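# Results of the structural survey
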Amino acid sequence: MTILVTGARGHVGRAVLDALVAAGQDVRASSRDATTLDVPTAKVSADLEDPSTLDAALDGVESVFLYTRPSGIEGFVKAAEAAGVRHVVLLSSGATLEPDSAHSRIARLHRVVEEALIAAPFAETILHPGAFATNVLGWRADIAEGVVRTPYPDARIGAVHERDLGDVAAKVLADGSHFGAALQLTGPEPISFREQAAVLADVLGRPLSLEELTPEQATERMVALGWPPEVPPGVLRVWERTTREPSPVTDVVREVTGNPPRTFRQWVEDHRADFA
């Protein structure tokens, strides 16, 4: 059985790829430009928004780890059906589970892909991760200055390690299990941005002050980093709510893999070099 991992350059895609390789699976990695991939497996160029690039990538493939790309999903479904794909594991978003998801652009984009896969003739498993611990990499420039700048420092989220996402996806892909399931994946506990800053300071061995941004300042920074202007308001609403109601956490990582979800401290220790 050949498994295709799309988005293999991304943090989660690479974690899925590494977990599958460790499990001895036959894996093919894809990215828009396969020449940029440094992977220990076969690799192929494929653009999820350009169906003409998918036939070669899907040839002989039985299962796929898929990143959300709404504008190309119809072409992907047709190409996957033609190739005889049996199972697709989608990296969706926990935003689709939020109470105000109908007003969230992130949720709407991911739901388009979810619905297309549910209607497809092959099986799907949908992963709904909470906030990625890797979002903290966006603080690197500030941390180099000895500060963490964030709105809502007491927002409590279930930050999830990309290796937990990779392990769950790899297990489901290799086992051919959880057909039709939607899995909500989080870290082991809600942890505030203030607490994350304290863990970073402790693990990195340097003092870090905390500077609270206004929602307007945070929006400006997010847009400057390349976020579409319509996205920050929804994210900020979630963060504000979790100052009062911490994000829910699940034990799905343990249920699927047999191992407890990794802590935020473990994530920082694993990424210490990224903050050097």
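The structure under discussion appears in the preceding block.
Notes on the structure in this doc start here. Only a predicted model underlies this, so the values are computations on that prediction, with no experimental measurement involved.

Cut-offs applied
Residues numbered from 1 in each chain as written. Predicted model: local features only at pLDDT ≥ 70, side-chain atom pairs only at ≥ 80, totals over all residues. Heavy atoms only, no water. Axes fitted to C-alpha atoms, helices over the stretch in contact; angles between N-to-C directions. Helix = DSSP H or I, 4+ residues; strand = E, 2+ residues; numbered from the N terminus. Parallel < 35°, antiparallel > 145°, perpendicular 65-115°, else oblique. Left-handed = near helix turned anticlockwise from the far one by under 90°. Contact = heavy atoms within 4.5 Å. Nonpolar A, V, L, I, M, F, W, Y, C, P; charged D, E, K, R; others polar. Pairing = 2+ DSSP bridges. Salt bridge = Lys/Arg side-chain N within 4 Å of Asp/Glu carboxyl O. Polar contact = N/O pair within 3.5 Å; in protein donor to acceptor, adjacent residues only side chain to side chain. Core = buried A, V, L, I, M, F, W, Y, C linked by side-chain atoms within 4.5 Å. Buried < 20%, exposed > 50% of the residue type's maximum accessible area, 1.4 Å probe, protein only. Phe/Tyr/Trp six-rings, centres within 6.5 Å; stacked < 30°, edge-to-face > 60°.

## Re the packing of helix α3 (residues 73-83) against helix α4 (residues 105-119)
Relative to each other, α3 and α4 sit at 25°, their axes nearing to 10 Å. Between α3 and α4, the angle falls in the class roughly parallel. In this structure, the crossing between α3 and α4 has a hand that is right-handed. Residues Ile-73, Phe-76 and Val-77 of α3 lie in contact with α4, whose contacting residues are Val-112, Val-113, Ala-116 and Leu-117. Of the residues contributing to the contact of α3 with α4, the split by class is seven nonpolar, no polar and no charged.

## Some thoughts on the sheet that holds strand β9 (residues 182-185)
Pairing is parallel across the open sheet formed by seven strands, whose spatial order is β3-β2-β1-β4-β5-β6-β9. The open sheet has two edge strands with one neighbour each: β3 (42-45) and β9. Adjacent strand axes in the sheet meet at a mean angle of 20° when their direction is disregarded. Summarising the sheet, strand β6 (residues 123-129) and β9 pair through four bridges and their orientation is parallel. Across the sheet, Pro-129 pairs through a bridge with Leu-185, a residue of β9. Sheet strands touched by helix α1 (residues 11-22): β1 (2-5), β2 (26-31), β4 (61-67) and β5 (87-91). Its angle to β4, the strand with the most contacts, is close to 150°.

## Remarks on the pattern of salt bridges
Tallied over the entire structure, the rule returns 19 salt bridges. As a salt-bridge pair, Asp-142 and Arg-221 come within 2.6 Å of each other at their nearest N and O atoms. With Asp-142 in helix α5 (residues 140-144) and Arg-221 in helix α8 (residues 215-224), this residue pair connects regions lying 79 residues apart in the sequence. Ionic pairing is found between Asp-270 and Arg-163, a salt bridge with its closest N-O pair at 3.0 Å.

## Regarding the side chain of Ser-177
Counting through the fold element by element, Ser-177 comes out in the loop between α6 (162-175) and β9. Polar side-chain contacts of Ser-177 include one of 2.9 Å to the side chain of His-178. The contact partners of Ser-177, leaving out residues within four places of it in the chain, are His-87, Thr-125, Lys-171 and Val-172.

## As for the nonpolar core
Side chains of nonpolar character tend, in soluble globular proteins, to be buried together. Residues Leu-58, Val-64, Phe-65, Leu-66, Phe-76, Leu-117 and Leu-183 are the most contacted members of the largest nonpolar core, which totals 53 residues. Counting residues per element, this core draws most heavily on α6, which supplies six residues. Sequence-distant contacts of Leu-183, defined by excluding residues within four places in its chain, comprise Thr-125, Ile-126, Leu-127, His-128, Val-168, Val-172, His-178, Val-252 and Val-256. In terms of nonpolar packing, the next biggest core, distinct from the first, is built from 29 residues, Val-136, Trp-139, Met-222 and Val-231 among them.

## Overview of unusual backbone geometry
One non-glycine residue, Tyr-152, adopts positive backbone phi at about 45°. Although it is not a glycine, His-178 adopts a positive phi angle of roughly 60°. Within the secondary structure, His-178 is located in the loop between α6 and β9. A relative accessible area of 33% places His-178 in the partly exposed class.

## With respect to the side chain of Asp-142
Its relative accessible area of 5% is what places Asp-142 among the buried residues. Separated by 2.6 Å, the side chains of Asp-142 and Arg-221 make a polar contact. Excluding anything up to four places from it in sequence, Asp-142 contacts Val-147, Arg-149 and Arg-221.

## Side note on helix α9 (residues 232-242)
The buried fraction of α9 is high, at eight of eleven residues. Pro-232, Gly-234, Val-235, Leu-236, Val-238, Trp-239, Arg-241 and Thr-242 are the residues of α9 that are buried. Elements in contact with the buried residues of α9: α4, β8 (156-157), α7 (193-204) and α8.

## Re the packing of aromatic side chains
Evaluated as defined, the whole model comprises five aromatic pairs. Where Phe-193 meets Trp-239, the ring centres are 5.0 Å apart and the plane angle is 80°; that geometry is what we call edge-to-face. In this pair, Phe-193 sits in helix α7 while Trp-239 sits in helix α9, placing the two residues 46 residues apart along the sequence. Trp-239 shares its class with Phe-193; the two are buried. Ring centres of Trp-267 and Phe-275 lie 6.2 Å apart, and the angle between their planes is 75°; on these two criteria the pair is classed as edge-to-face. Of the two residues, Trp-267 and Phe-275, both sit in the buried class.

## Examining the packing of α1 against α6
One can describe the packing of α1 onto α6 by two numbers: an axis separation of 7 Å at closest approach and a directional angle of 50°. Classed by the angle they form, the pair α1 and α6 counts as oblique. Along this stretch, α1 crosses α6, giving a crossing that reads as right-handed. Here His-11, Val-12, Ala-15, Val-16, Ala-19 and Leu-20 of α1 come into contact with α6, specifically with Glu-162, Arg-163, Leu-165, Gly-166, Asp-167, Ala-169, Ala-170 and Leu-173.

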